[in-house]
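Single-letter residue listing:
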2 protein chains.
Amino acid sequence: MVSDMPTTEAVVRTDAGLAAELRVGVMRLRRRLALERHPENDLSLGQMAVLGLLLRRGEMTIGQLARLERVQPPSMTRTVSCLEELGHVVRGPHETDGRVVVVALTERGREVVLADRSRRDAWLAVQLAHLTPDERAALRRAAPILDRLSQAD
Amino acid sequence: MVSDMPTTEAVVRTDAGLAAELRVGVMRLRRRLALERHPENDLSLGQMAVLGLLLRRGEMTIGQLARLERVQPPSMTRTVSCLEELGHVVRGPHETDGRVVVVALTERGREVVLADRSRRDAWLAVQLAHLTPDERAALRRAAPILDRLSQAD
DNA sequence: CATAACTCGTTAGCACTGCTAAGCATTCCC
DNA sequence: GGGAATGCTTAGCAGTGCTAACGAGTTATG
């Protein structure tokens, strides 16, 4: 049994402790990041994520986007519809399969995601610059692991 | 200008790239974690966080909880009210300041948070066990940094 | 070849959780 | 004592996740 008031340092040595610590840190940071929206021309975190995927990987189907973002299809439909209304993406038919919808970045969407990303990440980049090189290295190391964890069953 | 399809590896070398990568990883993992709720006796992530704080630090005021969780006071009022209805915390008066409300964990709340936490972190702990010791070390290193970042201005 | 079963995306509706604005009680300061 | 500041609450709104149920298209089976 754990003692009365375990410190962060002590608790984080076990796997369960690391899990709890990681959960709290991820939760808080994501909440903090969500606040960092610019009054004009801003996109939600979910919209940003989708545009980022399309920028990086090219055309994708709704289902692919949903699986990668760990979201149910209806949620992705809504996000894509919103992006389409904004003119940042277009829906198109699949070459061979009439059921699937292919989502592609428009030129305007490409411009917007690049501009918005640099503004949006500005806050976080500034915070990162305040860290020691060691700490930045730790995050550089951890970032892909977090993403991989999110894709686990 | 960035080339057509930057890989994760390439993009993560710059601070802005790290920011973007970290943002996406944090977002996805938090979404994944939110899914990991047990059908019975479960608490939301926000409720868990509050109970965890009370367990670790003892009695706290609404305002303190709100600041630590990076949430506005009305949001914390709602969370605490919900926990109070469940019988997991009690509101009490402050010793000297009649404005503030002191929140304390009940014995039942203490039991619940310990039980629920171990169940809730089970999934994440299992995933952590699948990582290499190196990767776990990286996360152990990164976890407190994530939390500190969330508290930055 | 017809039909049943499955897959993909959508629509409809709900729940949770964050916010701001506004109000009340209390405390602090001149 | 009276006005400003602080702490919490209430009321109402927005964003974003979910499930259930449905239509269209594809695949498998009899």
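Below you will find a few notes about this structure. (Residues numbered from 1 in each chain as written. Chains lettered and ligands numbered in written order. Predicted model: local features only at pLDDT ≥ 70, side-chain atom pairs only at ≥ 80, totals over all residues. Heavy atoms only, no water.)

**A closer look at the relation of the copies chain A and chain B**
Here chain A sits on chain B after a turn of 180 degrees about the axis and a move of 0.0 Å along it, with an RMSD of 0.1 Å. Such a combination of rotation and displacement between the chain copies is what one expects of a two-fold axis. (Least-squares fit on C-alpha atoms with pLDDT ≥ 70 in both.)

**Observations concerning the protein's contact with DNA strand C**
Surveying the vicinity of DNA strand C reveals 22 residues, the closest of which are Thr 77 and Arg 91 of chain A together with Ser 44, Arg 78 and Gly 98 of chain B. Among the atoms of DNA strand C lying within 4 Å of the protein, the sugar-phosphate backbone contributes 66%. Ser 75 of chain B is positioned with one of its side-chain polar atoms (N or O) 2.8 Å from a phosphate oxygen of DNA strand C. Contact distances for DNA strand C include 3.5 Å between a sugar or linking oxygen and a side-chain N or O atom of Arg 99 of chain B. Contributing elements (two or more residues each) for the surface near DNA strand C: helix 4 (62-68) and helix 5 (73-85) of chain A together with helix 5 (73-85) of chain B. Along the lines of polarity and charge, the residues of the surface near DNA strand C split into seven nonpolar, eight polar and seven charged. (Near = heavy atom within 4 Å. Polar contact = N/O pair within 3.5 Å; in protein donor to acceptor, adjacent residues only side chain to side chain. Helix = DSSP H or I, 4+ residues; strand = E, 2+ residues; numbered from the N terminus. Nonpolar A, V, L, I, M, F, W, Y, C, P; charged D, E, K, R; others polar.)

**Points about unusual backbone geometry**
Residue and element names in this part refer to chain A. A positive phi angle, close to 55 degrees, is found at Arg 70, a residue other than glycine. Residue position: Arg 70 is located in the loop between helix 4 and helix 5. For Arg 70, a relative accessible area of 25% translates into the label partly exposed. (Buried < 20%, exposed > 50% of the residue type's maximum accessible area, 1.4 Å probe, protein only.)

**Brief notes about the protein's contact with DNA strand D**
By nearness alone, 22 residues border DNA strand D, and Ser 44, Arg 78 and Gly 98 of chain A together with Thr 77 and Arg 91 of chain B come closest of all. Among all atoms of DNA strand D positioned within 4 Å of the protein, those belonging to sugar or phosphate total 66%. Taking Gly 98 of chain A, its main chain carries an N or O atom lying 2.7 Å from a phosphate oxygen of DNA strand D. One nitrogen or oxygen atom from the side chain of Arg 99 of chain B is found 3.2 Å from a base oxygen belonging to DNA strand D. The biggest single contributor to the surface near DNA strand D is helix 5 of chain B, with four residues. Residues of the surface near DNA strand D, tallied by class, amount to seven nonpolar, eight polar and seven charged.

**So, the side chain of Arg 23 of chain B**
Counting through the fold element by element, Arg 23 of chain B comes out in helix 2 (residues 15-35). Residue contacts for Arg 23 of chain B: discarding those within four places in its chain leaves Leu 33, Leu 45, Met 48, Arg 117, Arg 120, Asp 121 and Leu 124 of chain A. (Contact = heavy atoms within 4.5 Å.)

**A word on the sheet that holds strand 3 (residues 101-105) of chain B**
Residue and element names in this part refer to chain B. Sheet architecture is open: three strands sit in the order 1-3-2, paired in antiparallel fashion. Since the sheet does not close on itself, it has two edges, and those belong to strand 1 (60-61) and strand 2 (89-93), each with one partner. Each of strand 2 and strand 3 touches helix 5; the most contacted strand, strand 2, lies at about 115 degrees to it. (Pairing = 2+ DSSP bridges. Axes fitted to C-alpha atoms, helices over the stretch in contact; angles between N-to-C directions.)

**Details of the pairing of strand 3 of chain B**
Sheet topology note: the strand 1 of chain B/strand 3 of chain B ladder contains two bridges and is antiparallel. Bridging across to strand 3 of chain B, Thr 61 of chain B finds its partner in Val 102 of chain B.

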